[in-house]
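# Descriptive structure summary
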Amino acid sequence: MGFLIASIIQALIIIVTETIGISNLGAKFTIMQLLTHVLVGQIIGFILLFIMKKFKVEGKINIWIFAVISGVVTWFIILSINSTIGKVNPPWTQGFLTVFSSLTAFILFSVIVTFTIKRYTYLK
């Protein structure tokens, strides 16, 4: 449930920032794209769960630092893929506000996912 909430909040941030003109990603959320977004969010959540369990992240690195790093890495990978296939404009070419708003959405997603994993999963 936490992964779902994280995906929806992330999508809402992107939709709102696109709508009010803060971001110029060019993201267009149809129902199918929103469902794909949520599905990818679930997959990324489970990848983070695997990483956190496999490498016992909680005991080795501050959980906030892990969340921010994983958010930035996810942002870079997902937006690189999506800009390459033409789904969004590359944020790094759209100016500071686009980078800031999209990066904030991804970091917030990762923080929610990471703390969901920490709260509801036995990591040790």
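Residues numbered from 1 in each chain as written. Predicted model: local features only at pLDDT ≥ 70, side-chain atom pairs only at ≥ 80, totals over all residues. Heavy atoms only, no water.

A word on the side chain of Glu18. Inspection of the secondary structure puts Glu18 in helix H1 (residues 2-19). Among buried charged residues, Glu18 stands out as having no salt bridge; its nearest opposite-charge side chain is Lys28, 6.0 Å away. (Helix = DSSP H or I, 4+ residues; strand = E, 2+ residues; numbered from the N terminus. Buried < 20%, exposed > 50% of the residue type's maximum accessible area, 1.4 Å probe, protein only. Lys, Arg positive; Asp, Glu negative; His and termini not counted. Salt bridge = Lys/Arg side-chain N within 4 Å of Asp/Glu carboxyl O.)

Before going further, it helps to examine the packing of aromatic side chains. Across all of its chains, the model carries five aromatic pairs by this definition. Ring centres 4.9 Å apart and planes at 50° place the aromatic pair Trp64 and Phe115 in the tilted group. Of the two residues, Trp64 is situated in helix H4 (residues 63-84) and Phe115 in helix H5 (residues 96-120); the sequence distance between them amounts to 51 residues. Owing to a relative accessible area of 26%, Phe115 belongs among the partly exposed residues under this scheme. (Phe/Tyr/Trp six-rings, centres within 6.5 Å; stacked < 30°, edge-to-face > 60°.)

Turning next to the nonpolar core. Ala6, Leu48, Met52, Phe66, Phe109, Val113 and Ile117 are the most contacted members of the largest nonpolar core, which has 13 residues in total. Mapped onto this core, the elements with two or more residues apiece are H1, helix H2 (31-54), H4 and H5. Excluding residues that lie within four positions of it along the chain, Val113 makes contacts with Phe3, Ala6, Gly45 and Leu48. One finds Ile14, Trp75, Leu79 and Phe106 within the second-largest nonpolar core, a separate group that totals seven residues. (Core = buried A, V, L, I, M, F, W, Y, C linked by side-chain atoms within 4.5 Å. Contact = heavy atoms within 4.5 Å.)

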